[in-house]
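Okay, here's what each chain looks like letter by letter:
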Amino acid sequence: MKLLTIMALAIATSIAIVGVAMSKTNPTSDEYEEYAVHRLTQYLKNDVCKKTSKLIESLLNSNCGKLVDSTNPQMRELLAKTTERQDFLLFSVYRTDLTLGAWLPGYKFETVGAFHNFYTYSAEEQ
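The rules behind these values
The residue numbers shown here count from 1 along each chain, following its written sequence. Totals for whole chains, interfaces and linings use every residue, but because this is a predicted model, local features are given only for residues with pLDDT of at least 70 and side-chain atom pairs only at 80 or more, for both listing and counting. The side-chain figures draw on all heavy atoms in the structure; neither hydrogens nor water molecules are used. Secondary structure follows DSSP: runs of H or I at least 4 residues long count as helices, runs of E at least 2 residues long count as strands, and numbering of each begins at the N terminus. Our radius of gyration is a C-alpha quantity, and the globule rule it is checked against amounts to 2.2 Å times the number of residues to the power 0.38. Exposed residues in this analysis have more than 50% of their type's maximum accessible area, buried residues have under 20%, and partly exposed residues fall in between, with area computed by a 1.4 Å probe over protein chains only. Here, residues are in contact when the closest pair of their heavy atoms is within 4.5 Å. Accessible surface area values rest on a Shrake-Rupley calculation with a 1.4 Å probe, where residue burial reflects the displayed protein chains alone. Only four residue types enter the tally: Lys and Arg on the positive side, Asp and Glu on the negative side, with His and both chain ends excluded. In plain terms, the charge of a residue is placed at NZ if it is Lys, CZ if Arg, CG if Asp and CD if Glu. Here a polar contact means two N or O atoms within 3.5 Å. Within protein one must be a hydrogen donor candidate and the other an acceptor candidate, and residues neighboring in sequence count only if both atoms are side-chain atoms. Strands qualify as paired when DSSP identifies two bridges or more between them. Lining residues are those with an atom within 4 Å of a point, where the points come from a 1 Å grid over the protein atoms alone and group into cavities, where a 1.4 Å probe fits but cannot get out, or pockets, open sets with protein on both sides within 12 Å along at least five of seven lines. Grid points are joined across faces, edges and corners, and a volume is the space filled by probe spheres set on the points. Polarity classes work like this: nonpolar for Ala, Val, Leu, Ile, Met, Phe, Trp, Tyr, Cys and Pro, charged for Asp, Glu, Lys and Arg, and polar for all others, with Gly in that last group. Here, a salt bridge means any side-chain nitrogen of Lys or Arg that lies within 4 Å of a carboxyl oxygen of Asp or Glu.

Undergrad: Just to check I follow, could you spell out the overall build of the protein for this structure?
TA: On a plain count of helices and strands, the protein comes out with four helices and four strands. Put simply, the protein runs from its N terminus to its C terminus through helices and strands in the order α-α-α-α-β-β-β-β. Here the protein has a C-alpha radius of gyration of 21 Å; the compact-globule value for 126 residues is 14 Å, and the former is much larger. For the protein, the spread of C-alpha atoms along the three principal axes comes to 80 × 25 × 20 Å. By residue count, 24% of the 126 residues in the protein fall in the buried class. Of all intrachain contacts in the protein linking residues separated by at least 6 positions in sequence, the fraction that spans at least 24 positions is 47%. Surface summary for the protein: the accessible area is close to 8,900 Å², and the carbon and sulfur share equals 62%. Side chains of the protein carry 13 positive and 14 negative charges; the gap between the two charge centres is 5 Å.

See the structure below:
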């Protein structure tokens, strides 16, 4: 009986410690915005710029990568406006509905944040 009580107490203590650690390391909206801007910048540079690099560079007379870097503040603002955060104390779920206009495809992302990290578990083109 005593062993069972000690085990139950150890399990309860472990759960409490993990819960406190998760609540202390639940990422903020600002941290999500940094993560999302970084991921979006990587996508634009690695996929979009490589596919349309010559077209964009000839039309705008500019380097695509530098153009993407220069729009980081605007991207952050756009992501902040199109993201909804659900805070569950131990972790947060971020839903971003990124639509730039009728002539460009929209994207919907769902990301969970915990322990100061993010995991995007759903990314759909709309």
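That covers the picture; the talk isn't over yet.
Undergrad: Please explain the side chain of threonine 96 as it appears in this structure.
TA: When you line up the elements, threonine 96 lands in strand E2 (residues 92-98). Among the polar contacts made by the side chain of threonine 96, one reaches the side chain of tyrosine 32 at a distance of 2.7 Å. At 2.7 Å, the side chain of threonine 96 and the side chain of threonine 83 are in polar contact. In contact with threonine 96, not counting residues within four places along its chain, are Tyr32, Leu79, Thr82, Thr83, Tyr107, Lys108 and Phe109.

Undergrad: It is not clear to me how the pairing of strand E4 (residues 117-125) should be interpreted in this structure. Could you clarify?
TA: Where a strand is regular, its side chains alternate between the two sheet faces. Two strands pair when backbone bridges link them, and strand E3 (residues 107-114) and E4 are joined in this way by eight bridges, in the antiparallel orientation. Pairing of glycine 113 across the sheet is with phenylalanine 118, part of E4. Hairpin connection, E3 to E4: the antiparallel pair is bridged by two residues, and phenylalanine 115 has positive phi, about 55°.

Undergrad: Any chance you could explain the layout of surface pockets here in plain terms?
TA: Where empty space is left in the structure can be found by rolling a water-sized probe over the atoms. In this structure, the largest pocket encloses a volume near 880 Å³. Together, 30 residues line the largest pocket, and Leu40, Tyr43, Leu44, Leu98 and Leu100 are the ones closest to its centre. Where the lining of the largest pocket is concerned, the elements lending two or more residues are helix H2 (29-60), helix H3 (64-70), helix H4 (72-82), E2, E3 and E4. Of the residues forming the lining of the largest pocket, the biggest block, 11 residues, is contributed by H2. Among the residues forming the lining of the largest pocket, the class breakdown is 24 nonpolar, five polar and one charged.

Undergrad: Whenever I open this one, the pattern of salt bridges confuses me. Can you help?
TA: As a working rule, side chains carrying opposite charge can pair if their charged atoms are close by. By the definition in use, this model includes six salt bridges. Between arginine 76 and glutamate 33 there is a salt bridge, and its shortest N-O distance comes to 3.2 Å. On the criterion of sequence distance, the pair formed by arginine 76 in helix H4 and glutamate 33 in helix H2 is long-range, its members being 43 residues apart. Residue classification places arginine 76 among the partly exposed positions, given a relative accessible area of 28%. What makes glutamate 33 buried here is its relative accessible area of 13%. The partner of glutamate 110 in a salt bridge is arginine 95, with the nearest N and O atoms 3.7 Å apart.

The quantities given are spatial measurements derived from coordinates; they are silent on function.
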